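# Architecture at a glance
Below, each chain spelled out in residue letters.
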Amino acid sequence: MCGIVGYIGGQAATPILIDGLTQLEYRGYDSAGIAVLGPSGARRVRSVGRVRDLEAALPKRLAGKAGIGHTRWATHGAPSEANAHPQADGAERIFVVHNGIIDNARSLREALQADGVQLTSDTDTEAIAHLVAAAEEDTLEQAVLATVGRLTGTFALAVMDTEHPDRIVVARNGSPLILGVGDHEMFVASDVSAVVRHTSQVVHLDDGECATVTAGGFHLFTAEAETVGRSATTVEMTAAELELGNHEHFMLKEILEQPQSLERMLTGRLDDRFATARLDGLNLDPQAMRRFKRVKILGCGSAYYMGQLGASVIEELARIPADAEPASEFRYRNPIIEPDTLYVAVSQSGETADTAFAVQEVKRKGGTIVGLVNVVGSTIAREVDGGLYLHAGPEVSVASTKANTHMAVGFVLMALALGRVRDLSITDGARIVRALKELPRQIGEIVADGAKIAEAAQLLAQAPSLFFIGRVRGYPTAREGAQKFKEISYRHAEAYQTSELKHGPLALISPELPTVAVIPDDELLDRNIGALHEISARGGDIVAITHDTVEVDTRLKITVPKSEPELDPILLMIPTQLLAYHAALALGENIDKPRNLAKSVTVE
Ligand code: F6R
């Protein structure tokens, strides 16, 4: 979704802003703009479309050593140049870029219009620029504070004032914002990836905080104008990790990276002696872990499906009742928060608004919530009571793959730790530890041999609609497979429990509707095979994702190495990632940036 970048220092601001916006492109957007403060005042350029369209619209000389930029995902008003940010007041003195949604924008806009202000856009952000410009306070900081005091909703703001060219003032409430600390230069961004080429030193703002950013440094303060002391932390991400390298798409790069990224994730987390997982970051000692009678996992989209997979592993290994729920629904049903339930928020970005709100709901009602989060220092990671970083590295492709696998493995680690303080035997613990150690190599084998999967993808790409089926352990894998497939191939893909087919969906089976069947070699094998016969008997093509030992008579059979039954769904998921990728490739779709989708959904 929207992205913010800002710069102030000794270098030309324009290339830094354009580069920062390019790094933020993966989040999804529909228009972009920058405003640069130079010796002859401020200059603003905005454009609909990609950052490269903005770049093409820039004048030859756009000198200035301070500036702010934005990629916009339309909320108030259509994607248009007038609605793109930076927004400005009528005199073009104040420039504002904004992420989030101002809930009282309508009344603010009406009040401004009643005062004779001519509004030139449909945005909530324009009201902010006018309010800052009209504020009677002495300093830009005070004007921004007075303005944010009138806003309800969520925002991350960066404000530039031609009368105070030595500074950018920023504010945060509910939308991520970071400062990058350089050598006599400072950066502002909604996401570390926009600044990581320039500095690894970042400061995360908390909700309710503002900052003055100058070339010499930053001053952090609260809404009550009280100074906040916080020093920069070093980010793990490197600029090289954001490069495509020799790969055609980030999605493929991220799928292929999984063996190494998982190896890294597991390092130091497996305890051979006690056959358990070391998860100190959860901040739960064995007594605390034993206290929980239930586990409730909250996440959205693919993270929710991984939560379902996780709940199943936790129930199997730790024998604690566990379930997953879309975080987007949770908050609105006034959930009962139980003191003996362990709540778990799962998120790649750590910025998904629905998940962040669910975390707040649990905390407000006194519950214990931990996080399985990929992005270090992100909103959710900082709000939870403890957690487990996924260490998948940056994920750029909108369609999540490696982060999902890391989530699934994170849940196995959690299940192991919870199980081993309960009734999971040391023998079973050791069995799972051994299987976890094997996973990176096994995933390596699957991704190294993609020919069969590509062949199956060609077949599936022809069909306008398809089913993904799985049951019990295999069902979350089927759901995630369907999700990935529809996201990037735009083919209608729907997941069902294999057992549910005969209760309705079987009516749709025909030679035109193929089925991808997830079939682990486990105790449900005979029943799964029975369902395949029912599909074949109705002329439906089947692509089976299964194990070597399974004999199925299907159009295509993709096999994965065998793990322990609790971990098999993870390995069975890897071909579904490649199926989606190759189908979208065959169809010529925009794989890394599918239409209508954003990488990080920071608004409700
Ligand atoms: C699917 C996908 C989305 C995300 C969801 C949650 O490929 O990427 O369904 O999984 O928007 O995002 P995070 O994990 O960042 O909270």
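Just so it is clear, the structure is predicted and the values come from calculations on it, not from any experiment.

Here we take up the domain arrangement of the chain. Under the domain assignment, the chain is made up of domain 1 (3-242), domain 2 (245-447) and domain 3 (449-591). Centre-to-centre separation of domain 1 and domain 2, based on C-alpha positions: 34 Å. Contacts between the two partners involve twelve residues from domain 1, matched on the other side by 15 residues from domain 2. Interface of domain 1 and domain 2: buried area, both sides summed, is about 1,100 Å²; carbon and sulfur atoms make up 52% of it. Between domain 1 and domain 2 we count one salt bridge in total. Close ionic contact of aspartate 206 with arginine 382 constitutes a salt bridge, the shortest N to O distance being 2.3 Å. Here domain 1 and domain 2 share five residue pairs in polar contact (both at pLDDT 80 or more) between them.

The subject of this paragraph is the site of the ligand. Surveying the vicinity of the ligand reveals 15 residues, the closest of which are Ser347, Gln348, Ser349, Thr352 and Glu487. A distance of 2.8 Å separates an oxygen atom of the ligand from a polar atom in the side chain of lysine 484. Look at the ligand: alone it shows 400 Å² of surface, and the protein chains cover 91% of it. Counting only elements with at least two residues in the shell around the ligand, the list comes to helix H9 (302-318) and helix H16 (475-489). Among the elements that make up the shell around the ligand, the one with the highest residue count is H16 (three residues). Each residue belonging to the shell around the ligand can be placed in one class, and the counts come to five nonpolar, eight polar and two charged. Counting contributing residues per domain, the shell around the ligand is built from domain 2 (245-447) and domain 3 (449-591), each supplying no fewer than three.

Turning next to H16. Relative to the 21 Å expected for 15 residues at 1.5 Å per residue, H16 spans 21 Å between its end C-alpha atoms, a close match to the ideal helical length. Here H16 lies mainly inside the structure; 14 of its 15 residues are buried. One or two residues past the end of H16 sits tyrosine 490, with phi positive at roughly 60°.

For strand S23 (residues 465-470) and strand S24 (residues 492-497), the ladder comprises six bridges, and the chain directions are parallel. Looking at S24, one finds that glycine 470 is bridged to glutamine 497. On the question of chirality, the crossover connecting S23 to the parallel S24 by way of H16 is right-handed.

Reading the values: the criteria
- Residues numbered from 1 in each chain as written.
- Predicted model: local features only at pLDDT ≥ 70, side-chain atom pairs only at ≥ 80, totals over all residues.
- Heavy atoms only, no water.
- Domains from an automatic or database assignment.
- Contact = heavy atoms within 4.5 Å.
- Buried area = accessible area lost by both parts, 1.4 Å probe.
- Salt bridge = Lys/Arg side-chain N within 4 Å of Asp/Glu carboxyl O.
- Polar contact = N/O pair within 3.5 Å; in protein donor to acceptor, adjacent residues only side chain to side chain.
- Near = heavy atom within 4 Å.
- Areas by Shrake-Rupley, 256 points an atom, 1.4 Å probe, with all protein chains shown as cover.
- Helix = DSSP H or I, 4+ residues; strand = E, 2+ residues; numbered from the N terminus.
- Nonpolar A, V, L, I, M, F, W, Y, C, P; charged D, E, K, R; others polar.
- Expected span 1.5 Å × (residues − 1).
- Buried < 20%, exposed > 50% of the residue type's maximum accessible area, 1.4 Å probe, protein only.
- Pairing = 2+ DSSP bridges.
- Right-handed = clockwise from strand over helix to strand, strands pointing away.

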